[in-house]
Amino acid sequence: MTDDIVASVVRQWQAVHPELDTGPIELIGRINRCAALLQQAEDAPLRSAGLTRAEFDLLGAVRRTDRELTPGELARETFSSGAAVTKRLRALQERGLVDRRGDERDRRVAHVRLTDAGRDLVDGLLPRQLAYERSVLSGLSERTRSQLSELLSELLIQLEGRIGGARR
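Since this is a predicted model, take the numbers as computed values, not measurements.

Looking at this structure, how should I read the overall build of the chain?
Per the secondary structure count, the chain includes 8 helices and 2 strands. Traced from its N-terminal end to its C-terminal end, the chain shows the element sequence α-α-α-α-α-α-β-β-α-α. Compactness check: the chain gives a C-alpha radius of gyration of 20 Å against a globular reference of 15 Å for 168 residues, more than 25% above the reference. Taking the principal axes of the C-alpha coordinates as reference, the chain spans close to 65 × 35 × 25 Å. Looking at the chain as a whole, 23% of its 168 residues are labelled buried. Across the chain, every contact between residues at least 6 apart in sequence was considered, and the portion connecting residues at least 24 apart equals 49%. Once the 27 positive and 26 negative side-chain charges of the chain are each reduced to a mean point, those two points are 3 Å apart.

What follows is the structure, given as structure tokens:
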């Protein structure tokens with residue numbers, strides 16, 4: 001098996017500091033590198049629809065919950081800051097993909113829903129995006145994908161509990 005870039009980094013650190021346990025770099029470094037490469041790929045189907053991953057995540061959150069969400073709920077659902085959600089919602093509203101309505105009891109609260117165009121876009125784009133993501137993972141066997149998914153889920157649950165990133 002060919003070494004990846006992280007193996008090279010670990011060897012370099014071990015040469016400089018042989019007394020240090022560089023094991024965490026092997027996991028976290030690879031997770032970070034994979035995430036960076038996946039983000040660089042820019043999700044071809046999303047790009048062709050003129051959407052960023054973050055915008056699609058917002059639209060998808062409203063679609064999959066099948067109810068109106070507040071910007072705060074969207075921030076939690078998409079692991080985004082409130083300011084980022086506000087900016088993305090403004091752009092999506094200008095494109096006619098979401099509507100916002102004020103809360104009748106609290107004028108500071110808005111409720112976001114998909115327009116028909118937004119729902120049609122998500123429903124049409126999701127199968128293409130999933131096919132693209134499947135092709136990105138096609139070099140891994142089904143068994144490997146399943147094992148990796150289970151292991152990453154275990155890590156995510158631990159991190160959400162430890163670092164406080166739990167959404168619910």
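When you look at the nonpolar core in this model, what are you seeing that I'm missing?
Looking at soluble globular proteins, one finds that nonpolar side chains tend to be buried together. Among the nonpolar cores identified, the biggest contains 19 residues, and Leu-51, Leu-59, Leu-74, Leu-89, Leu-92 and Val-98 are the most heavily contacted of them. Mapped by element, the contributors of at least two residues to this core are helix H4 (53-65), helix H5 (71-78), helix H6 (82-94), strand E2 (110-114) and helix H7 (116-136). For this core, the element with the most residues is H4, which contributes 5 residues. Setting aside anything within four residues of it in sequence, one finds Leu-51 in contact with Leu-46, Phe-56, Leu-59, Leu-92, Arg-95, Leu-97, Leu-121 and Leu-125.

Sorry, what's going on with the side chain of Thr-78 here?
With respect to the element layout, Thr-78 can be found in helix H5. At 3.1 Å, the side chain of Thr-78 forms a polar contact with the side chain of Ser-80. Residue contacts for Thr-78: discarding those within four places in its chain leaves Asp-57, Leu-58, Ala-61 and Val-85.

Where do I start with the layout of surface pockets in this structure?
A water-sized probe, rolled over the atoms, reveals where empty space remains. Roughly 2,200 Å³ of volume is contained in the largest pocket. Forming the boundary of the largest pocket are 49 residues, of which Ile-31, Cys-34, Ala-35, Leu-38 and Leu-152 lie nearest the centre. Per-element tally for the lining of the largest pocket: the top contributor is helix H2 (residues 23-41), with 11 residues. Computed from the structure, the second largest pocket encloses a volume of approximately 170 Å³. Taken together, Leu-27, Ile-28, Ile-31, Asn-32, Leu-155, Gln-158, Leu-159 and Arg-162 make up the lining of the second largest pocket. Elements supplying a minimum of two residues to the lining of the second largest pocket: H2 and helix H8 (142-163). Of the residues contributing to the lining of the second largest pocket, the split by class is 5 nonpolar, 2 polar and 1 charged.

Help me out: how do you make sense of a nonpolar patch on the surface in this one?
There is a patch of nonpolar side chains on the surface, built from Ile-31, Leu-38, Val-136, Leu-137, Leu-140, Leu-148, Leu-152, Leu-155, Leu-159 and Ile-163 and spanning about 800 Å² of accessible area. Looking at the nonpolar patch, the element that brings in the most residues is H8, giving 5 residues. The topology assignment puts Val-136 in helix H7.

Please clarify how the environment of Leu-155 should be interpreted in this entry.
Mapped onto the secondary structure, Leu-155 falls in helix H8. Assessed through its relative accessible area of 30%, Leu-155 is described here as partly exposed. In this structure the C-alpha to C-alpha distance between Leu-155 and Asp-120, which are 35 residues apart in sequence, comes to 35 Å.

What counts as what
- Residues numbered from 1 in each chain as written.
- Predicted model: local features only at pLDDT ≥ 70, side-chain atom pairs only at ≥ 80, totals over all residues.
- Heavy atoms only, no water.
- Helix = DSSP H or I, 4+ residues; strand = E, 2+ residues; numbered from the N terminus.
- Rg over C-alpha atoms; globule rule 2.2 N^0.38 Å.
- Buried < 20%, exposed > 50% of the residue type's maximum accessible area, 1.4 Å probe, protein only.
- Contact = heavy atoms within 4.5 Å.
- Lys, Arg positive; Asp, Glu negative; His and termini not counted.
- Charge placed at Lys NZ, Arg CZ, Asp CG, Glu CD.
- Core = buried A, V, L, I, M, F, W, Y, C linked by side-chain atoms within 4.5 Å.
- Polar contact = N/O pair within 3.5 Å; in protein donor to acceptor, adjacent residues only side chain to side chain.
- 1 Å grid on protein atoms, 1.4 Å probe; cavity = no way out; pocket = protein on both sides within 12 Å on 5 of 7 lines; lining within 4 Å.
- Points joined across faces, edges and corners; volume = space filled by probe spheres on them.
- Nonpolar A, V, L, I, M, F, W, Y, C, P; charged D, E, K, R; others polar.
- Patch = residues over 30% accessible without salt bridge, like charges linked within 9 Å, V, L, I, M, F, W, Y side chains within 5 Å.
- Areas by Shrake-Rupley, 256 points an atom, 1.4 Å probe, with all protein chains shown as cover.
- Salt bridge = Lys/Arg side-chain N within 4 Å of Asp/Glu carboxyl O.

Everything listed here is a matter of coordinates, which is why it stays silent on function.
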